[in-house]
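# Per-entry structural report
Next come the chains, spelled out residue by residue.
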Amino acid sequence: MVGYDPEAKCVSTVEAALAGSASGFVTRVLISPLDVIKIRFQLQIEQLSSRAPRAKYHGILQAVQCIFQEEGVVAFWKGHVPAQFLSVGYGAVQFMAFESLTRLVHNVTSYNARDSFVHFVCGGLAACTATVAVQPVDTLRTRFAAQGEPKIYHNLRHALLTMYRTEGPHTFYRGLTPTIIAVFPYAGFQFAFYNILQKFSEWMIPAEGKEGGNVKNLICGSCAGVISKTLTYPFDLIKKRLQVGGFERARAAFGQVRTYRGLLDCMRQIMREEGPAGFFKGLSPSLLKAAISTGLIFCWYELFCSLLCALKNADSAKRKEG
């Protein structure tokens, strides 16, 4: 169902956008706590260890307890409103672009639209398109998730006005370069490995055992998410560091802060002060989040597409009977 299938011809571009936005909305509600923890880990300069005396966060369970005690349960959904705009917008643009690109490949080239390499390229391009469209919302989400108490931004409107007045419009696109560099292979690998794993499951599972399609989609999506996230994780960390530039005073409660002049300067400082392991801070919650979110995204997308197809078929049947 993911990607253009000339034999099915069931889901239109608009319906793909609707299914993508709906899957993004549902998934975001469920994975927001992991996202907040991941961002807190990524932005911590100190080592993520109890042996580091000035480190605020040491591990996932300790971070959960610390955030809950200091900020309450609502802190796990900090920045949830901009995050939902991000998820809904990103899901709609990404899947709409992906369906359109795979259809274009099928119609104007000799490549098979169901080929894994085609899914890699089209998935990467679709993600780049979606990233540019929603990057300002991603920056807002990161800042809301990163700020401690007392809050610098009280609500979405206050954040927009404050950032625009004090830092200018360019601040909404902080971290765009590493994001684009990372998102193409990340999303490309997601779609490619999902395609490969789906084909592998069809080869491994006999025809009479294929009724558990939703579980299969969830597992294939989860595995694709873990593989792609591991391969591209350092760029995600660098993006988060750059997005909170000019936001240092809100980070003071969490430990050391750094100012980066750009992508290369950020990489140099991380390597010099934190070592190679610094590029993989927050990998554990990130992989957990990637497994859950990617699995759910593909599972919900396939489910919503199936529902839309069923509704269309039922409507067509009624018209024929009428």
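Here the residue numbers are simple positions, counted from 1 along each chain's written sequence. Where totals are concerned, whole chains, interfaces and linings use all residues; where local detail is concerned, this predicted model gives features only for residues with pLDDT of at least 70, and gives and counts side-chain atom pairs only at 80 or more. With hydrogens and water set aside, each side-chain value is computed from the structure's full complement of heavy atoms.

This next bit is on the UniProt feature "transmembrane region" (unreviewed entry) in the protein. UniProt positions are given in the numbering used here, feature names are shortened, and annotations may be inferred rather than shown by experiment. In the numbering used here, UniProt assigns the "transmembrane region" (unreviewed entry) feature to residues 290-311. Numbering of helices and strands runs from the N terminus, with a helix taken as a DSSP run of H or I at least four residues long and a strand as a DSSP run of E at least two residues long. What you have in residues 290-311 is 100% helix and 0% strand, and the ends, taken at the C-alpha atoms, are 31 Å apart.

Note: domain ranges come from an automatic or database domain assignment. As assigned here, the protein comprises domain 1 (7-77 + 281-313), domain 2 (78-173) and domain 3 (177-279). Computed over C-alpha atoms only, the centres of domain 1 and domain 3 are separated by 11 Å. Put simply, buried area is the surface a 1.4 Å probe can reach on two separate parts but cannot reach once they are joined, added for both. Buried surface at the junction of domain 1 and domain 3, summed over both partners, amounts to about 2500 Å²; 61% is from carbon and sulfur atoms. On the domain 1 side of the contact with domain 3, L43, I45 and F298 bury the most area, a combined 28% of that side's loss. Salt bridge, as used here, is a side-chain nitrogen of Lys or Arg placed within 4 Å of a carboxyl oxygen of Asp or Glu. Connecting domain 1 to domain 3 are 2 salt bridges. Between K281 and E274 there is a salt bridge, with the nearest N and O atoms lying 2.8 Å from each other. Any N or O atom pair separated by 3.5 Å or less is treated as a polar contact, with the protein-specific requirement of one donor-capable and one acceptor-capable atom, and with residues adjacent in sequence counted only for side-chain atom pairs. Across the domain 1-domain 3 interface, the total number found is 11 residue pairs in polar contact (both at pLDDT 80 or more). Put simply, the parts of the chain that give the side of domain 1 that touches domain 3 at least two residues each are α1 (13-43) and α9 (283-321). At 12 residues, the largest contribution of residues to the side of domain 1 that touches domain 3 is made by α9. Broken down by class, the residue content of the side of domain 1 that touches domain 3 amounts to 12 nonpolar, 6 polar and 8 charged. Charged residues are taken to be Asp, Glu, Lys and Arg, nonpolar residues to be Ala, Val, Leu, Ile, Met, Phe, Trp, Tyr, Cys and Pro, and polar residues to be all remaining types, Gly included.

On the surface, F25, V29, L30, F68, V73, V74 and W77 cluster together into a nonpolar patch covering about 670 Å² of accessible area. In terms of residue count, α1 provides more of the nonpolar patch than any other element does, 3 residues in total. Following the sequence through the fold, V74 ends up in the loop between α2 (60-71) and α3 (80-108). Each patch is assembled from residues with relative accessible area greater than 30% and no salt bridge, linking like charges that lie within 9 Å and nonpolar side chains (Val, Leu, Ile, Met, Phe, Trp, Tyr) that lie within 5 Å. With residues, only the protein chains shown are counted as cover, and all accessible areas are computed by Shrake-Rupley using a 1.4 Å probe.

Per the UniProt annotation, the sites labelled "repeat: Solcar" (unreviewed entry) are residues 11-104, 114-200 and 212-307. End C-alpha to end C-alpha, residues 11-104 measures 15 Å, and it is 72% helix and 0% strand.

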